[in-house]
Amino acid sequence: MSLALHTFNGVLASIPSPPESYIDLGPIRIHFYALCIIAGIIAATLITNHRLTKRGAEPWVVIDISILAVPLAIIGARIFHVVTHPNFYFGEGKNTWNPFEPGSVWAIWEGGIAIFGALIGGAIGAYLGCKWTGIRFWTFADALAPGLLLAQAMGRFGNWFNHELFGLPTDLPWGLEIESTNSAFPPGLPEGTLFHPTFLYEVLWNGLGVLVLLWLGRKLFFQWGRLFAIYLIWYSAGRVVWESIRIDPSEIILGLRSNVWAAIIGVFVGLVILVVQTRRHPGLEPSPYQPGRGRKDVDADVQSQDNPSDFVDVSEPPSEETSAGATATSTAPTRTAPTSEAGTR
């Protein structure tokens, strides 16, 4: 099977699935699924570091946060998948616990992680990492949002390599080829049936979302977690659609797939964050650091101050804006607003 798009008389006829899902380097087997995830993590780290540094944080502080966030995200993703697909791993004849045999709960290299579990685990890790480094949690979340969505788009190619998580049958010219011997191939359908490439739909949706988040991130309003709220709403809204046309086995709750419910909750949580943070913090973030915390490289110049068009003013607010005993956590936008990451550009 060729990796080239199949055409008929010069017109796209189908998308083939890759013939291999791994490569062997001596005794080591490397799964393309894992490479897609690793590439996404690297891309998200680089983008987040760039955005967080422009905001005024110490360069590469994102690494310190990632040390906790990434492992907990992967653990959360696997746990969520196992919990929402119990019939895959538990029951008579299932290899639940032996990591040296296929199908165990530990065999993450075979596929089977859930982004909503990754968000929960990663959020816990990021919160702990922000406590450790002194970075405001919501500042980090806003800086992370575009890179996280890009990482999810890159990770979806892993599903393509694994021949998994495809959608309903279709006769559209971009239908995905799936071999009839695939365990997820619906019984009764003729060999050669094409399916909706839901991985590709999500790649395109997430890619567009990255551009939207980068554009919105240039506006002063999208601080205090509001950009991350838009990320949650955007990703989850798309996931409701793609999840609804997938045909892989899933737990059904009140007539909907478990991940559809998770996506609906994601939209709701995003809306709550947007409303609550707008009411609690009408002003600008005074600094990417928590009160009483700051950069360890105290003599270093804040990179965002080198270019007046980058992000927002990270200097301490004037003394008259805060009084003794004041409890406000954001500065009132009574002075001329500084230029945002692209500000008014």
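Quantities reported herein were computed from a predicted structural model and do not represent experimental measurements.

1. Observations regarding the packing of helix 1 (residues 32–55) against helix 2 (residues 61–84)
Right, on to step 1. Two numbers describe how helix 1 lies on helix 2: the axes approach to 9 Å, and their chain directions differ by 140°. Considering the angle they form, helix 1 stands oblique to helix 2. As for the relative orientation of helix 1 and helix 2, their crossing is right-handed in sense. Of helix 2, the residues touching helix 1 (which contributes Ile41, Thr45, Thr48, Asn49 and Leu52) are Val61, Val62, Ile63, Ser66 and Val70.
Right, on to step 2. Among the residues making up the contact of helix 1 with helix 2, the classes are represented as six nonpolar, four polar and no charged.

2. Some points on the pattern of salt bridges
Right, on to step 1. Under the counting rule described, the total for this entry stands at eight salt bridges.
Right, on to step 2. The closest approach of N and O atoms between Glu243 and Arg246, which form a salt bridge, is 3.3 Å.
Right, on to step 3. Its relative accessible area of 0% is what places Glu243 among the buried residues.
Right, on to step 4. Judged by relative accessible area, Arg246 falls into the buried class, the value being 9%.
Right, on to step 5. The salt bridge partner of Glu243 is Arg257, with a shortest N-O separation of 3.0 Å. Of this pair, Glu243 sits in helix 7 (residues 226–245) while Arg257 sits in strand 8 (residues 256–257), and the two are 14 residues apart along the sequence. The burial state of Glu243 is the same as that of Arg257; both residues are buried.
Right, on to step 6. Each of Arg239, Glu243, Arg246, Asp248 and Arg257 takes part in one network of salt bridges that share partners.

3. Describing the packing of aromatic side chains
Right, on to step 1. Here the structure, examined in full by the defined rule, presents 18 aromatic pairs.
Right, on to step 2. Both rings, one in Phe32 and one in Phe161, keep their centres 4.9 Å apart while their planes meet at 45°; by these two values the pair is tilted. Here the residue Phe32 occupies a position in helix 1, and Phe161 occupies one in helix 5 (residues 137–161), the gap between them amounting to 129 residues. Just as Phe32 is buried, Phe161 falls in that class too.
Right, on to step 3. Geometrically, the ring pair formed by Phe116 and Tyr235 is tilted, given 5.9 Å between the ring centres and 55° between the ring planes. Placement of the pair is Phe116 in helix 4 (residues 115–133) and Tyr235 in helix 7, with a sequence separation of 119 residues.

4. Topic: a nonpolar patch on the surface
Right, on to step 1. A cluster of nonpolar side chains, contributed by Leu35, Ile38, Ile42, Leu46, Trp60, Ile63, Ile67 and Trp132, occupies part of the molecular surface with about 780 Å² of accessible area.
Right, on to step 2. Of all the elements in the fold, those that place two or more residues in the nonpolar patch are helix 1 and helix 2.
Right, on to step 3. When residues of the nonpolar patch are assigned to their parent elements, the largest contribution, four residues, is made by helix 1.
Right, on to step 4. Tracing the backbone shows Trp132 in helix 4.

Cut-offs used in this document
- Think of each chain on its own: its residues are numbered from 1, step by step along the sequence as written.
- Under the rules for a predicted model, residues below a pLDDT of 70 receive no local features and side-chain atom pairs below 80 are neither given nor counted, while totals for whole chains, interfaces and linings still include all residues.
- Where side-chain values are given, they derive from all heavy atoms of the structure, hydrogens and water being excluded.
- All axes here are fitted lines through C-alpha atoms, helices being fitted over the stretch that makes contact, and every angle between N-to-C directions spans 0 to 180 degrees.
- Secondary structure counts use DSSP, requiring at least four H or I residues in a row for a helix and at least two E residues in a row for a strand, with both numbered from the N terminus.
- For this classification, under 35 degrees means roughly parallel, over 145 means roughly antiparallel, 65 to 115 means roughly perpendicular, and everything else is oblique.
- Two helices that cross are described as forming a left-handed crossing if the nearer one is turned anticlockwise from the farther one by less than a right angle, and a right-handed crossing if clockwise.
- The contact criterion used is simple: two residues touch if any of their non-hydrogen atoms lie within 4.5 Å.
- Ten residue types, Ala, Val, Leu, Ile, Met, Phe, Trp, Tyr, Cys and Pro, are classed as nonpolar, four, Asp, Glu, Lys and Arg, as charged, and the remainder, Gly among them, as polar.
- Basic side-chain nitrogens of Lys or Arg form a salt bridge, by our definition, when they fall within 4 Å of a carboxyl oxygen of Asp or Glu.
- Each residue gets one of three labels from its accessible area relative to the maximum for its type: buried under 20%, exposed over 50%, partly exposed in between, using a 1.4 Å probe on protein chains only.
- Pairing of aromatic side chains requires ring centres within 6.5 Å, counting the rings of Phe and Tyr and the six-membered ring of Trp. Pairs whose planes differ by under 30 degrees are stacked, by over 60 edge-to-face, and all others tilted.
- Put simply, a patch holds well-exposed residues, over 30% relative accessible area, that have no salt bridge, with like charges counted together within 9 Å and Val, Leu, Ile, Met, Phe, Trp or Tyr side chains within 5 Å.
- In these tables, accessible area is a Shrake-Rupley quantity obtained with a 1.4 Å probe, and a residue counts as shielded only by the protein chains included in the view.

In short, the description is geometric, and any link to function would need to be established separately.
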